[in-house]
Amino acid sequence: MVKAVVLGASGGIGQPLSLLLKASPLIDELSLYDVVNTPGVAADLSHISSPAQITGYLPADDGLEKTLTGADIVVIPAGIPRKPGMTRDDLFKINAGIVRDLVTGIAKFCPKAFILIISNPVNSTVPIAAEILKAHKVFDPSRLFGVTTLDVVRASTFTAQITGEKDSRKIVVPVIGGHSGETIVPLLSLAKPACDIPADKLDGLVHRIQFGGDEVVAAKNGGGSATLSMAFAGFRFAESVIKALKGEKGIVEPTFVYLPGVSGGDEVSKSLGGGIDFFAVPVELGPQGAVKATNPIPTINDNEKKLLEIAIKGLKGNIEKGVEFARAAE
Ligand code: NAI
């Protein structure tokens, strides 16, 4: 039996993500939580003919406790999205507190659940979550994930547009680093199958993968950021975690994890020159969550090494900001 939870379920990401989870035969129970509209979203989804039993709660009457109790996997897209001109870091002030409070609830009511954080800035909200879980003495690094799947999905899609591959699912590009602008490092030299990107298109492709989110923010013209593609990506990652939980082998997804707590993480850390605890790399998933972090860094090319250097600088500051916020709140 698998119970999945969405925190922030009434939002632009939350609703389509909840729809995909409700439609999935892998889920037996789905519980939705938000500060608004969850009874309506849950009632609507409850008419779908799929196995998952669905409930929706608001904060009143211990709603968070009821939502989280018994959860195996909790996906968090709660918080405000970007408007034109905003960076993900600009969201910190509001979203940091939201993630802190929701993860405190997880620490109390379902400390063993897999936690998938979508709320931005992911580079800081994941360290916040880790600190909160540590403070409650329930931190298991193999169960905490920053969801960077949208970067991976974009990398496949945009690369396929250049190579002419019609089915972009067939192109797999590892994306490492963090989840914002220059902290996103697509490793096109390690794409499978190998992709021949013309030299004059390479920089543009890398930039598009790093800043693809801005295209959506601009096109929505004040209406928010990526929601439907994020729901697709968030569902893909959640589905991978659940399949691994159920025993399926060989599942590898890039995700932002706490390196010192994941097998293989120390090697990645060493390749980064040390001093960086959270990083996205392809991670093998198993019934207990993250089984092994793979380390593609020794095989990357010179151009990617330069991108990585820039990413590390930005990422360090983002991580420290999250850790400091959480420690100040203790
Ligand atoms: P939205 O504003 O449409 O939805 C957010 C939802 O969170 C709202 O329904 C709101 O009521 C709810 N919420 C606010 N405070 C809450 C609390 N304390 N507890 C429970 N729910 C609460 O925003 P959208 O577009 O769904 O984006 C959500 C987050 O996801 C943003 O931070 C955005 O930046 C991030 N995002 C992350 C991506 C990634 O790749 N990791 C990609 C796109 C967006």
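Residues numbered from 1 in each chain as written. Predicted model: local features only at pLDDT ≥ 70, side-chain atom pairs only at ≥ 80, totals over all residues.

Engineer: Give me the domain arrangement of the protein: which residues, what numbers.
Structural biologist: A common way to express how large an interface is: the accessible area buried when the components associate. The domain boundaries assigned to the protein delineate domain 1 (3–147) and domain 2 (149–321). On a C-alpha basis, the centres of domain 1 and domain 2 stand 22 Å from each other. Between domain 1 and domain 2, the contact holds 38 residues from the first and 39 residues from the second. Sorting the residues of the side of domain 1 that touches domain 2 by element identifies α1 (14–23), β4 (73–76), β5 (114–117), α5 (122–135) and β6 (144–146) as the ones contributing at least two each. Examining the composition of the side of domain 1 that touches domain 2, we find that six residues originate from one element, α5, more than from any other. Residue composition of the side of domain 1 that touches domain 2, grouped by class: 25 nonpolar, seven polar and six charged. (Domains from an automatic or database assignment. Contact = placed C-beta atoms within 7 Å. Helix = DSSP H or I, 4+ residues; strand = E, 2+ residues; numbered from the N terminus. Nonpolar A, V, L, I, M, F, W, Y, C, P; charged D, E, K, R; others polar.)

Engineer: How would you explain the UniProt feature "domain: Lactate/malate dehydrogenase C-terminal" (unreviewed entry) in the protein if you had to name every residue and give the values?
Structural biologist: In the UniProt entry, the feature "domain: Lactate/malate dehydrogenase C-terminal" (unreviewed entry) is given for residues 148–325. When the span residues 148–325 is considered, its composition is 48% helix and 16% strand, and the gap between its end C-alpha atoms is 22 Å. (UniProt positions renumbered as here; feature names shortened; annotations may be inferred.)

Engineer: Give me unusual backbone geometry: which residues, what numbers.
Structural biologist: With an omega of -5°, the peptide bond between Asn120 and Pro121 qualifies as cis. Relative to the assigned elements, Pro121 resides in the loop between β5 and α5. The phi dihedral of Asp62 is positive, around 55°, even though this residue is not glycine. Positive phi is not limited to glycine here, since Asn221 has a value of about 50°. Along the chain, Asn221 turns up in the loop between α7 (199–220) and α8 (228–245).

Engineer: So, the packing of helix α6 (residues 149–163) against α8: which residues are in play, and what are the values?
Structural biologist: Running from amino to carboxyl end, α6 crosses α8 at an angle of 110°, the nearest separation of the two axes being 8 Å. Here α8 runs roughly perpendicular to α6, going by the angle between their axes. Considering how the two elements wind past one another, α6 and α8 form a crossing that is right-handed. Residue-level contacts link Thr149, Leu150 and Val153 of α6 to Ser229, Met230, Phe232, Ala233, Gly234, Arg236 and Phe237 of α8. Its residues placed into classes, the contact of α6 with α8 shows six nonpolar, three polar and one charged. (Axes fitted to C-alpha atoms, helices over the stretch in contact; angles between N-to-C directions. Parallel < 35°, antiparallel > 145°, perpendicular 65-115°, else oblique. Left-handed = near helix turned anticlockwise from the far one by under 90°.)

Engineer: Describe the UniProt feature "binding site: substrate" (unreviewed entry) in the protein, listing the residues and the values that go with them.
Structural biologist: Mapped onto the present numbering, the UniProt feature "binding site: substrate" (unreviewed entry) falls on Arg82, Arg88, Asn120 and Arg154. Summarising the element assignment, Arg82 is placed in the loop between β4 and α4 (92–109). Beyond its immediate sequence surroundings of up to four residues, Arg82 is in contact with Arg88, Leu91, Val217 and Ser225. By secondary structure assignment, the location of Arg154 is in helix α6. Residue classification places Arg154 among the buried positions, given that 26 C-beta atoms sit within 10 Å. (Buried ≥ 20, exposed ≤ 12 C-beta atoms within 10 Å, placed from the backbone.)

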